[in-house]
Each structure stands twice: as C-alpha cells, then as structure tokens.
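# Survey of secondary and tertiary structure
This is what each chain is made of:
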Amino acid sequence: MKLTYLGTAAAEGFPAIFCNCKYCTEARRLGGKNIRTRSQALINDDLLLDLPADTYSHFLSNGIEGHKIKYLLVTHSHSDHFYPAELEMRHNGFAHNMDTNQLKLFCGKGAFTAFESLKRENWNIGSNLLKPFETVSFGNYTVTALPARHFIGDEPLIYLIESEKTLLYAHDTGYFLDEVFDFLKEKSVKLDFISLDCTCVDIPTKDESSHMGIDNIERVVKKLTEIEVITNNTIKVLNHFSHNANPLHHVLEQRVSSMGYIVSYDGFSIEI
Ligand SMILES: [Zn+2]
Ligand SMILES: [Zn+2]
Ligand SMILES: [Zn+2]
C-alpha cells in the first residue's frame, strides 16, 4: 500500500502566498523540500485525500492521471482541503468518457453542503455524506469517518482507512476527542501508519486548539501507545505545517527524527 503526500502545508502554503516573513523568505531562497503546497495525499493510485486549489499542479508535478482516481475523501470544507469548483472540470466537454461511477466523493456535513450548492448533474460525481463513526466500504478499502477537533459546525472528519494495511489520516485536528480514543480502543485497531497534524510545531497548543504541535502530538502518541493502537512498528509521519512555525525541512528533521517521526514533504511517497 502506497501513500504519496502531494501537499504538506497549512492553508497559506509555505512560503505563504503573500508573506514576507523570515521563514518564507528563506524557503523561497532554498526551494526543494522547503516548498510546501496545500494539503492533499493519494493512496495507491485511486484514493485521493482532499481537493485543494493546488490539485491541478499536484497532478502535473506528480504525473497523476486524474481520470484514474475512483474515490475522493474530503476531511472538511476549509479551502486548503476542499475547492469544490474544481470538480466542474469533470463536466461533459471538459472531461471526456466520464461516468458517475468513476468518482465517488465521501465527506462530512460542511464539505457536502459546499459541494451540493455548486454541483451539476453533468459533473459525473457520486456524492456521499458521512456521519462521524460511520463505516463505508468501496473498492479494496474500508473507511471509518472519525470526528476531528477542528472547525466547529462543519463536522470535520479524520479517516481510518483499512486495506492491506491500517492507516489513520488525521488532518486537520487538534488533540483527539475522547470518543476517538475510545473507538480505536474498543475496535482493537492496530495502526500500521499515522499522519499527524503538526501545524504549530513548537508553538504551544492547548487541548481545545484546532491544530496540534509537537506538544500535543506527543500526548496523542503516548495515549495511543497506552491503549495499544500504536505499536513499535507504527510509521508516524508529521504533516500540515504553518509558516508561523518555521517548517524548513532540515530544521524539522533535526527537531524530530530522533523522536521516531518522519517529516513529510511535497512528493514524499511511502510504502506502508
Ligand atoms: Zn488545513
Ligand atoms: Zn511567512
Ligand atoms: Zn482546516
């Protein structure tokens, strides 16, 4: 099972689109892994996680043929995760040989409402509203939507994805909700892979914050280890970085590699 990070920044990108701070200036100078676009990932070749406005450039720079993607999971309706107007490009005439069965969208309330307000029948998309703790199966995947601590009222979701391996894709969220820990424990979930929200890096975060830094990531990992959801074999990746937290790639690697975390970057692909 393969996961590819297509975009690894928070909403503003890194360097941030209109920013002149010292971190963004240095990222522009260094380039390479310091250039982070908006949040998106691809599992194997057919399951896309989120649809930011950077999707088109992600497809070009990673050689992705969009017509091959069968499933789209959207975490929430913030624009760095969901830019539904792009789906108009599935319209007859913009995309040939499409049918509704070729792309199935799954998302929570906020993203579903945003999509439904825009969609036209000729976009050729099957849309599915997911409730927290709902499980759906499609293709080779079984996916459970879990509630995120983020964007109150939107019903944001993080996703437990089970196929040959078991993954938790946790973007965006603050410190996990108690019911998420309880669910994972009750289901005796054993994660092969977890992708954790590291928006704030070393900027302190609180229990009620809508993103995490290393402080709350360490608490989440400790708790998941105690309830045996995370084991010594779980691959732990940090992702979704804000320019405010200096996410230069070498700085992040120096900070966390001895702690057992991998730092994501745009185009990073990992076999799980
Ligand atoms: Zn985000
Ligand atoms: Zn900046
Ligand atoms: Zn968000």
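This section reports on the structure supplied with the text. (Residues numbered from 1 in each chain as written. Chains lettered and ligands numbered in written order. Predicted model: local features only at pLDDT ≥ 70, side-chain atom pairs only at ≥ 80, totals over all residues. Heavy atoms only, no water.)

With that settled, consider the sheet that holds strand 10 (residues 166–170). Taken in spatial order, the seven strands of this open sheet run 7-8-9-10-11-12-13, and their pairing is mixed. Strands at the two margins of the open sheet, each flanked by one partner only, are strand 7 (135–138) and strand 13 (262–263). Note that strand 10 and strand 11 (residues 193–197) share four bridges and pair parallel. When the sheet's bridge partners are listed, alanine 170 is paired in strand 11 with leucine 196. Helix 4 (residues 178–186) rests against strand 8 (141–147), strand 9 (157–162) and strand 10 of the sheet, and its axis sits at about 150° to strand 8. Contacts from helix 5 (residues 214–226) reach strand 11 and strand 12 (235–239), with the element oriented near 150° to strand 11. (Pairing = 2+ DSSP bridges. Helix = DSSP H or I, 4+ residues; strand = E, 2+ residues; numbered from the N terminus. Contact = heavy atoms within 4.5 Å. Axes fitted to C-alpha atoms, helices over the stretch in contact; angles between N-to-C directions.)

Okay, the coordination of the zinc ion (ligand 2) next. Listed as protein donors to the zinc ion (ligand 2) are Cys19 (SG), Cys21 (SG), Cys24 (SG) and His243 (ND1); their distances from the metal cover 2.1 to 2.4 Å. Around the zinc ion (ligand 2) sit four donor atoms; with metal-centred angles ranging over 102 to 122°, the donor geometry is tetrahedral. Linear spacing of the donor residues for the zinc ion (ligand 2) on their chain is C-x1-C-x2-C-x218-H. Of the two residues, cysteine 21 sits in the loop between strand 1 (2–7) and helix 1 (22–30) while histidine 243 sits in the loop between strand 12 and helix 6 (249–256), which places them 222 residues apart along the sequence. Overall, cysteine 21 belongs to the partly exposed group, its relative accessible area being 22%. (Donors = N, O, S within 2.8 Å, 3.2 Å for Na, K, Ca; no water. Tetrahedral: all angles 85-135°; square planar, octahedral: opposite > 155°, others 65-115°. Buried < 20%, exposed > 50% of the residue type's maximum accessible area, 1.4 Å probe, protein only.)

Each aromatic ring pair is summarised here by two numbers: the centre-to-centre distance and the angle between the ring planes. Summed over the entire model, instances satisfying the criterion amount to 10 aromatic pairs. Aromatic side chains phenylalanine 138 and tyrosine 141 sit 6.0 Å apart centroid to centroid with 50° between the ring planes, which places their arrangement in the tilted category. A residue is classified by how much of its surface remains accessible, and phenylalanine 138, at 7% relative accessible area, is buried. Measuring from centroid to centroid gives 5.6 Å for tyrosine 175 and phenylalanine 181, while their planes differ by 55°, and the two rings are tilted. Each member of the pair, tyrosine 175 together with phenylalanine 181, is buried. Members of the aromatic cluster, each reached through a chain of ring pairs, are Tyr71, Phe106, Phe138 and Tyr141. Seen from the ring of phenylalanine 181, lysine 223 lies directly overhead, with NZ or CZ sitting 5.1 Å from the centre. (Phe/Tyr/Trp six-rings, centres within 6.5 Å; stacked < 30°, edge-to-face > 60°. Lys NZ or Arg CZ within 6 Å of the ring centre and 35° of its normal.)

Quick look at the environment of glycine 174 now. When you line up the elements, glycine 174 lands in the loop between strand 10 and helix 4. Since its relative accessible area comes to 0%, glycine 174 is described here as buried. Other than its neighbours up to four places away in sequence, glycine 174 contacts Arg149, Ser209, Ser210, His211 and Met212.

Asp80 (OD), His81 (NE2), Asp172 (OD) and His240 (NE2) make up the full set of protein donors to the zinc ion (ligand 1), lying at 2.1 to 2.2 Å. Because the angles between the four donor atoms bound to the zinc ion (ligand 1) fall within 88 to 156°, the donor set is best described as irregular. Going along the chain, you hit the donors of the zinc ion (ligand 1) in the pattern D-H-x90-D-x67-H. The metal-metal distance between the zinc ion (ligand 1) and the zinc ion (ligand 3) is 3.6 Å, with aspartate 172 coordinating both.

Okay, the sheet that holds strand 4 (residues 71–74) next. Within a beta sheet, neighbouring strands are joined by backbone hydrogen bonds and run either parallel or antiparallel to one another. Across the sheet, which stays open at both edges, the seven strands sit in the order 6-5-4-3-2-1-14 with mixed pairing between neighbours. With partners counted over all chains shown, the strands left at the sheet margins are strand 6 (126–129) and strand 14 (269–271), one partner each. Within the sheet, the average angular offset between the axes of one strand and its neighbour, ignoring direction, is 20°. Note: strand 3 (residues 47–49) against strand 4, three bridges, orientation parallel. Note on strand 4: the bridge partner recorded for leucine 48 is leucine 72. Helix-sheet contacts for helix 2 (residues 55–62) involve strand 1, strand 2 (40–43) and strand 3, and the interaxial angle to strand 1 is about 125°. Here helix 3 (residues 109–118) sits on the sheet and contacts strand 4, strand 5 (104–107) and strand 6; the angle it forms with strand 6, its principal contact strand, is near 145°.

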